[in-house]
Every structure is written in structure tokens, then in C-alpha cells.
Amino acid sequence: MISLASALIGTYIVSRRMVFISGGITHACFGGLGFGYWLGVSPIAMAALFAMVGSLGVDWLSSRRVRRDSAIAVIWALGMAIGVVFVSLSTGNVPELNTFLFGNVLTITPSDLLIFCGFTLIVLGWYALLFPYIEAISFDQDFARTRHLPVTAVNIVMTVLVSVGIVLAIRLIGIMLLMSVMSLPQMTAELFARRFSRLMILSGAISLAGCLGGLLVSVWISVPASAAIVLMMILIYGVSVVSKALFYHKK
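What you see is a predicted model, and the numbers here were worked out from it, not measured in a lab.

A. Representation of the overall build of the protein chain. Looking only at helices and strands, the protein chain features 12 helices and 0 strands. The C-alpha radius of gyration computed for the protein chain amounts to 18 Å, which stays within 12% of the reference 18 Å derived for 251 residues, consistent with globular compactness. Summarising its shape, the C-alpha atoms of the protein chain cover approximately 65 × 50 × 30 Å along the three principal directions. Looking at the protein chain as a whole, 46% of its 251 residues qualify as buried. Taking contacts inside the protein chain between residues at least 6 apart in sequence as the whole, the part at least 24 apart equals 73%. Summed over all atoms, the accessible surface of the protein chain reaches about 12,700 Å², with 71% contributed by carbon and sulfur. Seen as two clouds, the 15 positive and the 8 negative side-chain charges of the protein chain have centres 9 Å apart.

Here's what the structure looks like:
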């Protein structure tokens with residue numbers, strides 16, 4: 001389910017040249033986690049709130065003629081700073097912090113699977129309903145505006161979906177590695193496809209192969225699943241680059 005959802009969301013992010021926004025959102029989540037621990041409420045709920053506020057904050061700063069990469073850097077740094085402050089203010093030890101930072105597949109519960117299943121169905125429904133608009137906006141927003149497409153509304157909904165997807169996947173991959181899962185399969189898919197629909201399908205297959213392969217490796221050699229998944233995706237990307245280079249060289 002994470003492979004499918006990240007393929008849909010990640011293709012939009014990569015097509016919009018917004019890969020680093022996933023990093024900004026994940027680090028904004030750390031502020032929500034720390035704040036949640038300090039308040040004694042659900043860290044995941046607070047992380048989701050911080051993620052959505054952070055992503056909308058990036059859009060707001062961008063609309064005020066602030067460069068998008070600069071806006072992401074501000075949200076990135078602010079989220080980490082808030083998280084560090086409130087974690088240090090929290091009484092006692094924070095045992096789950098390493099799980100959120102580096103991921104732990106063993107913490108996933110059946111209720112987590114049901115929630116992510118529901119989220120994946122929502123993402124699929126959204127794409128099925130407005131796929132032509134999403135495709136047009138992801139490649140050329142200015143042209144989409146001249147065609148009177150709902151650019152702002154689509155961007156807001158996609159921003160919220162990206163934020164929620166990142167928060168739901170944090171416990172598997174972790175804050176430190178989540179950006180890779182949202183970009184590496186799409187980078188690999190771009191080597192062989194250009195159309196938006198083909199990018200989604202191919203990146204979904206690559207993401208699924210990387211996730212399953214990483215899980216198997218983590219079982220065989222007893223290493224964290226999150227790191228194994230990312231390394232597997234990097235391996236797939238490297239093999240794809242070399243294979244394409246050799247193929248075109250021979251051709």
C-alpha cells in the first residue's frame with residue numbers, strides 16, 4: 001500500500017520539481033512529534049497537523065515571492081528546532097523517538113494497515129476523478145491557469161495528501177529516509193518513461209520491488225528494514241542507469 005500511495009504522490013512531487021518539499025514536511029513532522037510528547041497527546045496526530053501547516057506554509061511563503069527552496073528550508077529548520085526544544089522539555093524518556101526518526105516495521109499494527117488502506121483508496125479515488133487536471137498541473141501550472149483549470153484547489157488537496165501520506169509512512173521508513181521513498185522510484189522510472197501515467201505505473205512497480213526486496217534483506221542479515229529498503233531502491237536505480245547506458249551505447 002505504501003508503494004502504491006508513494007508512487008501516486010511521488011510522481012506528482014517529482015514532476016513538479018518539488019522533491020525537497022517531502023524533506024521539509026518530514027522534518028516539520030518532527031516538530032509535531034516533539035510537541036505531542038510535551039502535551040501528552042498523540043504524536044502522530046500532532047505530526048499530521050504540523051505537516052499540513054508546514055506544507056501550506058511553504059505555499060504561502062512562495063506566494064509572497066519567496067523562492068520555494070528557501071521557503072522549504074525555513075519550514076525544515078523550524079520543524080526540527082521546535083521538535084528538539086519540546087523533546088528536551090518532555091519529562092522522562094521518549095522511547096518511540098528512534099522509531100519516528102529511523103523507522104521500525106515491527107511497530108506497524110493492524111489498525112495502521114487499515115488506516116493506510118483507507119488513505120490509499122482516497123488517493124486512488126482523487127486521481128481517478130481529476131487525473132487530467134493533475135497531469136496538466138504537474139507539468140505546467142501556468143498553461144493550466146490559462147486553460148482555467150482549478151490549479152489552486154488541486155495544489156492544496158495534493159499538498160494535504162502528500163502531508164498525510166508522509167505522516168502515515170513515518171513509522172515504517174522514518175523521518176530521515178522518507179524522502180528517498182518519495183523520489184528514488186520516480187527517478188528510476190524517468191529513465192524509461194516520460195508520460196505521467198507510465199511514470200506512476202513504473203514507479204509503483206519499482207517501489208514495490210524495492211520495499212519487498214529491502215524487507216527480505218533486512219530479515220536475512222538482521223538490519224533495519226527502512227535502511228535496507230532505501231539501499232535496495234538505490235541499487236535498482238544504479239542498475240537501471242548502467243543498463244540504459246550500455247543499451248544505448250550498443251545501439
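Resuming the write-up.
B. Quick peek at the environment of Trp-38. Counting through the fold element by element, Trp-38 comes out in helix α2 (residues 19–39). For Trp-38, a relative accessible area of 42% gives the class partly exposed. Residues Trp-38 and Ile-2, spaced 36 residues apart in sequence, show a C-alpha to C-alpha distance of 29 Å. If we skip the residues at most four places from it in the chain, Trp-38 touches Phe-86, Leu-89 and Ser-90.

C. Quick look at the nonpolar core. Cys-29, Trp-126, Tyr-127, Ile-134, Met-158 and Ile-166 are the most contacted members of the largest nonpolar core, which totals 53 residues. The greatest single-element share of this core, amounting to 11 residues, is contributed by helix α8 (residues 151–173). Residue contacts for Trp-126: discarding those within four places in its chain leaves Ile-134, Val-154, Val-157, Met-158 and Leu-161.

D. Spotlight on empty space enclosed by the protein. Under the counting rule described, the total for this entry stands at 1 cavity of 30 Å³ or more. In this model, the largest cavity occupies a volume close to 40 Å³. Around the largest cavity, the lining residues are Thr-11, Val-14, Ser-15, Gln-186, Ala-189, Glu-190, Leu-199 and Ser-203. Of all the secondary-structure elements, those providing two or more residues to the lining of the largest cavity are α1 (2–15), α10 (184–190) and α11 (196–221).

E. Spotlight on the environment of Val-230. Among the secondary structure elements, Val-230 is positioned in helix α12 (residues 225–250). A sequence separation of 23 residues divides Val-230 from Ser-207, and the C-alpha atoms of the two residues are 9.7 Å apart. Residues contacting Val-230, with those up to four places away along its chain left out, are Leu-177, Ser-180, Val-181 and Leu-184.

Conventions used here
Residues numbered from 1 in each chain as written. Predicted model: local features only at pLDDT ≥ 70, side-chain atom pairs only at ≥ 80, totals over all residues. Heavy atoms only, no water. Helix = DSSP H or I, 4+ residues; strand = E, 2+ residues; numbered from the N terminus. Rg over C-alpha atoms; globule rule 2.2 N^0.38 Å. Buried < 20%, exposed > 50% of the residue type's maximum accessible area, 1.4 Å probe, protein only. Contact = heavy atoms within 4.5 Å. Areas by Shrake-Rupley, 256 points an atom, 1.4 Å probe, with all protein chains shown as cover. Lys, Arg positive; Asp, Glu negative; His and termini not counted. Charge placed at Lys NZ, Arg CZ, Asp CG, Glu CD. Core = buried A, V, L, I, M, F, W, Y, C linked by side-chain atoms within 4.5 Å. 1 Å grid on protein atoms, 1.4 Å probe; cavity = no way out; pocket = protein on both sides within 12 Å on 5 of 7 lines; lining within 4 Å. Points joined across faces, edges and corners; volume = space filled by probe spheres on them.

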